[in-house]
Amino acid sequence: MTDDIRWEVVEESALTLADHEAITALLAQAFPDWSHWFLGSRSWSGMQPERRVLARDADGVVLAHVGVRRMFISVGSEDVLVGDTGLVAVSPRLQGAGMGRDLLERARSVLEGLDVPFGFLGAGEDRVPFYANLGWHHLDEVVTDYTAFTAEGAGMPMTEQGGWMVLPVASPLEDWPAGPVRLNAQQV
Ligand SMILES: CC(C)(COP(=O)(O)OP(=O)(O)OC[C@H]1O[C@@H](n2cnc3c(N)ncnc32)[C@H](O)[C@@H]1OP(=O)(O)O)[C@@H](O)C(=O)NCCC(=O)NCCS
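About the criteria used
- Throughout this document, residue positions are counted from 1 along each chain, in the order its sequence is written.
- Given that this is a predicted model, residues contribute local features only at a pLDDT of at least 70 and side-chain atom pairs are listed and counted only at 80 or more, while totals for whole chains, interfaces and linings are drawn from all residues.
- As a rule here, side-chain values come from all non-hydrogen atoms in the structure, and water together with hydrogens is ignored.
- Helix numbering and strand numbering both begin at the N terminus, where a helix is a DSSP run of H or I of at least 4 residues and a strand a DSSP run of E of at least 2.
- Computation of the radius of gyration draws on C-alpha atoms, with the globule rule given as 2.2 Å multiplied by the number of residues to the power 0.38.
- Only protein chains enter the accessibility calculation, which uses a 1.4 Å probe; a residue whose area is less than 20% of its type maximum is buried, one above 50% is exposed, and one in between is partly exposed.
- Any residue with a heavy atom lying within 4 Å of a molecule or strand is counted as near it.
- N or O atoms within 3.5 Å of each other form a polar contact, as long as, within protein, one can give a hydrogen and the other can take it, and as long as residues adjacent in sequence are counted only when both atoms are side-chain atoms.
- Method for areas: the Shrake-Rupley scheme with a 1.4 Å probe, in which residue coverage is limited to the protein chains shown.
- Each residue is assigned to one class: nonpolar for Ala, Val, Leu, Ile, Met, Phe, Trp, Tyr, Cys and Pro, charged for Asp, Glu, Lys and Arg, and polar for all the others, Gly among them.
- Contacts: residue pairs with any heavy atoms within 4.5 Å of one another.
- Without a salt bridge and with relative accessible area above 30%, a residue can belong to a patch; like charges are then joined within 9 Å and nonpolar side chains (Val, Leu, Ile, Met, Phe, Trp, Tyr) within 5 Å.
- A carboxyl oxygen of Asp or Glu within 4 Å of a side-chain nitrogen of Lys or Arg is what we treat as a salt bridge.
- Neither His nor the chain termini are counted; the positive set is Lys and Arg, and the negative set is Asp and Glu.
- One atom stands in for each charge, and that atom is NZ of Lys, CZ of Arg, CG of Asp or CD of Glu.
- We define the nonpolar core as a collection of buried residues of types Ala, Val, Leu, Ile, Met, Phe, Trp, Tyr and Cys that are connected through side-chain atoms lying within 4.5 Å of one another.
- Between rings of Phe, Tyr and Trp, where Trp is taken as its six-membered ring, a pair exists when centres lie within 6.5 Å; planes separated by under 30 degrees are stacked, by over 60 edge-to-face, and by other angles tilted.

- An unreviewed UniProt entry lists the protein chain under the name Nodulation protein A, from Curtobacterium luteum.

Structure representation (structure tokens):
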């Protein structure tokens, strides 16, 4: 099985309709509670990524996916450039076999290529150990304001503590400013 897997990094503007449909199909399986968002070719839930990492099988079916987009966010009194990372998904039938680890290693390479100081993501509490295992730091005390995902109309303002994670990329973790985070946007 793994011999047939082909990994690629694709810029958003290079994605074809068939690519969007194949990604959407994976996301609907990996996030069954939100499968009503991932219909047809809607291969995003909030902000559209600028780059995607994809794993495909020999038939072109997307087996794993992560999206990244650069954005400035407010942290305390500073503006910080991050590579916002999201839509992390492995096909349910392949979960638990190391593909998520491979995916996150490739996401790190993309973040390094973009030369961002930090990666940033919001994870459900039960996923925090997965990311922490792979070098992401949990900002467990940090409160974050953001705009909720939505497939229908405007996203609503949300505030949450816990599940926010930072990956030191071009800067050390000590350079992450103190204070609450304001995304002023949806996430990938
Ligand atoms: C989360 C997800 C991407 C992980 O991918 P995966 O292929 O199952 O993960 P892997 O098999 O590569 O696991 C890598 C490591 O993380 C650990 N891990 C995986 N999921 C974990 C979890 N939920 N909690 C704690 N550790 C976890 C594994 O035990 C493994 O550790 P090891 O290398 O020390 O053995 C996958 O389960 C998935 O797509 N889930 C549904 C969508 C989702 O929740 N995405 C994340 C949204 S924040």
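## Quick notes on the overall build of the protein chain
Then step 1. Regarding its fold elements, the protein chain presents 3 helices and 10 strands.
Then step 2. Taken from N to C terminus, the helices and strands of the protein chain fall in the order β-α-β-β-β-α-β-α-β-β-β-β-β.
Then step 3. In terms of overall size, the protein chain behaves like a compact globule, its C-alpha atoms giving a radius of gyration of 16 Å where 188 residues would be expected to give roughly 16 Å.
Then step 4. Here the C-alpha coordinates of the protein chain stretch approximately 50 × 35 × 30 Å along the principal axes.
Then step 5. Counting the 188 residues in the protein chain, one finds 48% classified as buried.

## Side note on the site of the ligand
Then step 1. Around the ligand sit 19 residues in total, of which Val88, Val90, Gly96, Arg101 and Arg127 are the nearest.
Then step 2. Glycine 98 is positioned with one of its backbone polar atoms (N or O) 2.8 Å from an oxygen atom of the ligand.
Then step 3. Considering the ligand on its own, with 920 Å² of exposed area, one finds that the protein chains cover 71% of that surface.
Then step 4. Looking at the shell around the ligand residue by residue, the class counts come to 11 nonpolar, 5 polar and 3 charged.

## Observations concerning the side chain of serine 43
Then step 1. Mapped onto the secondary structure, serine 43 falls in the loop between helix 1 (17-30) and strand 2 (51-56).
Then step 2. Only 2.7 Å separates the side chain of serine 43 from the side chain of histidine 20, close enough to count as a polar contact.
Then step 3. Setting aside chain neighbours within four positions, we find serine 43 in contact with His20, Ile23, Thr24, Leu27, Arg52 and Leu87.

## So, a negative patch on the surface
Then step 1. Judged by side-chain charge, Glu125, Asp140, Glu141 and Glu160 come together as a negatively charged surface patch.
Then step 2. The topology assignment puts aspartate 140 in the loop between strand 6 (137-138) and strand 7 (143-147).
Then step 3. We classify aspartate 140 as partly exposed; its relative accessible area is 43%.

## Some points on the nonpolar core
Side chains of nonpolar character tend, in soluble globular proteins, to be buried together.
Then step 1. In this structure, Ile73, Val82, Phe120, Trp176 and Val181 are the most contacted members of the largest nonpolar core, which totals 31 residues.
Then step 2. Contributions of two or more residues to this core are made by helix 1, strand 3 (62-75), strand 4 (78-90), strand 5 (118-122) and strand 9 (164-168).
Then step 3. For this core, the leading source of residues is helix 1, giving 5 residues.
Then step 4. In this structure, tryptophan 176 is in contact with Ile73, Val75, Val80, Val82, Phe118, Phe120, Leu139, Val166 and Val181, ignoring residues within four places of it in sequence.
Then step 5. Formed by 26 residues, the second largest nonpolar core is a distinct cluster that contains Val66, Val88, Leu104 and Tyr131.

## Re the pattern of salt bridges
Then step 1. Counted by the stated rule, this structure contains 7 salt bridges.
Then step 2. Linking glutamate 8 and arginine 6 is a salt bridge whose minimum nitrogen-to-oxygen distance equals 3.6 Å.
Then step 3. In this structure arginine 6 comes out as partly exposed when scored by relative accessible area, which is 42%.
Then step 4. The partner of glutamate 50 in a salt bridge is arginine 70, and the shortest N-O contact between them spans 2.6 Å. Taken together, the residues span a long stretch of sequence, with glutamate 50 in the loop between helix 1 and strand 2 and arginine 70 in strand 3 at a distance of 20 residues.
Then step 5. Classification of arginine 70 by relative accessible area gives partly exposed; the value is 35%.
Then step 6. One connected set of salt bridges, linked through shared partners, spans Arg6, Glu8, Asp19 and Arg56.

## Quick word on the packing of aromatic side chains
Then step 1. In the structure shown here, the tally under the stated rule is 11 aromatic pairs.
Then step 2. Considering the side-chain rings of tyrosine 131 and tryptophan 136, the 6.2 Å spacing of their centres and the 70 degrees angle between planes classify their relative orientation as edge-to-face.
Then step 3. Judged by its relative accessible area of 5%, tryptophan 136 falls in the buried class.
Then step 4. Aromatic side chains tyrosine 146 and tryptophan 164 sit 5.2 Å apart centroid to centroid with 65 degrees between the ring planes, which places their arrangement in the edge-to-face category. Of this pair, tyrosine 146 sits in strand 7 while tryptophan 164 sits in strand 9, and the two are 18 residues apart along the sequence.

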